[in-house]
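Structural description and commentary
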Amino acid sequence: MAHPAQHERGHLHQHAEHGHGHAGHETHAGHAGHGRHGGHGDGGASWRTAAQATLHCLTGCAIGEILGMVIGTAFGLHNGATVVLSVLLAFVFGYALTMRGVLKAGLDVRAAVKVALAADTVSILVMELIDNTVMVTVPGAMDAGLGDALFWVALAGSLALAFTLTVPVNKWMIGRGRGHAVVHAHHQH
């Protein structure tokens, strides 16, 4: 089976050779839902595909991040310990969600771990760097209790900003056959 990014580049190349534009080619038969074809020079990754990959990553990161912040705040952990716990849990849940999907597609655990590491590591790193930087720099956010609106507003804002700034990173990586593009090779169509 051809790698999805290679397949998309080949499809774009065919259109370029025949002088066809991209109008009316919203999806490619057999790959509906993978988004629009990107323009020339972007490696075939669309913004929609990048946003979907980032949303997938955000789901795992948010579960871990929120759980870590809640545990750290509830137990009165030092801010540094809370951030470390949040980051560790974000990686655990981010990788677990990816592994769940590829295990379901028939990969063994060892292969699923490799796919998860290749697919999500950079995305999770970028997302965690952004959202934890926001949480630490918003005055009082890390010291606010679970009942304080500041805690929840800062956390929601940090995750929204992390999503927004990670989409271009994922678009770049997917367009080069890296990151979440690795997972697409194992999707069931």
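Cut-off values and rules
- Residues numbered from 1 in each chain as written.
- Predicted model: local features only at pLDDT ≥ 70, side-chain atom pairs only at ≥ 80, totals over all residues.
- Heavy atoms only, no water.
- 1 Å grid on protein atoms, 1.4 Å probe; cavity = no way out; pocket = protein on both sides within 12 Å on 5 of 7 lines; lining within 4 Å.
- Points joined across faces, edges and corners; volume = space filled by probe spheres on them.
- Helix = DSSP H or I, 4+ residues; strand = E, 2+ residues; numbered from the N terminus.
- Nonpolar A, V, L, I, M, F, W, Y, C, P; charged D, E, K, R; others polar.
- Axes fitted to C-alpha atoms, helices over the stretch in contact; angles between N-to-C directions.
- Left-handed = near helix turned anticlockwise from the far one by under 90°.
- pLDDT = per-residue confidence, 0-100.
- Contact = heavy atoms within 4.5 Å.

A word on empty space enclosed by the protein
Following the criterion strictly, the structure yields two cavities of 30 Å³ or more and no others. There is about 30 Å³ of room inside the second largest cavity. Lining the second largest cavity, in full, are Ala53, Cys57, Ala119, Asp120, Ser123, Asn170 and His180. When residues of the lining of the second largest cavity are traced back to their parent elements, those giving at least two are helix H2 (47-74) and helix H4 (109-137). Looking at the lining of the second largest cavity, its residues break down into three nonpolar, three polar and one charged.

So, the packing of H2 against helix H5 (residues 149-175)
At their nearest, the axes of H2 and H5 sit 8 Å apart, and the two run at 145° to each other. The handedness of the crossing between H2 and H5 comes out as right-handed.

Notes on the confidence of the model for the protein
Summary statistics for the protein give a mean pLDDT of 78 and a share of 73% for residues scoring 70 or more. Every residue in residues 1-42 is under pLDDT 50, and counting partners more than four places away or in other chains gives 59 contacts.

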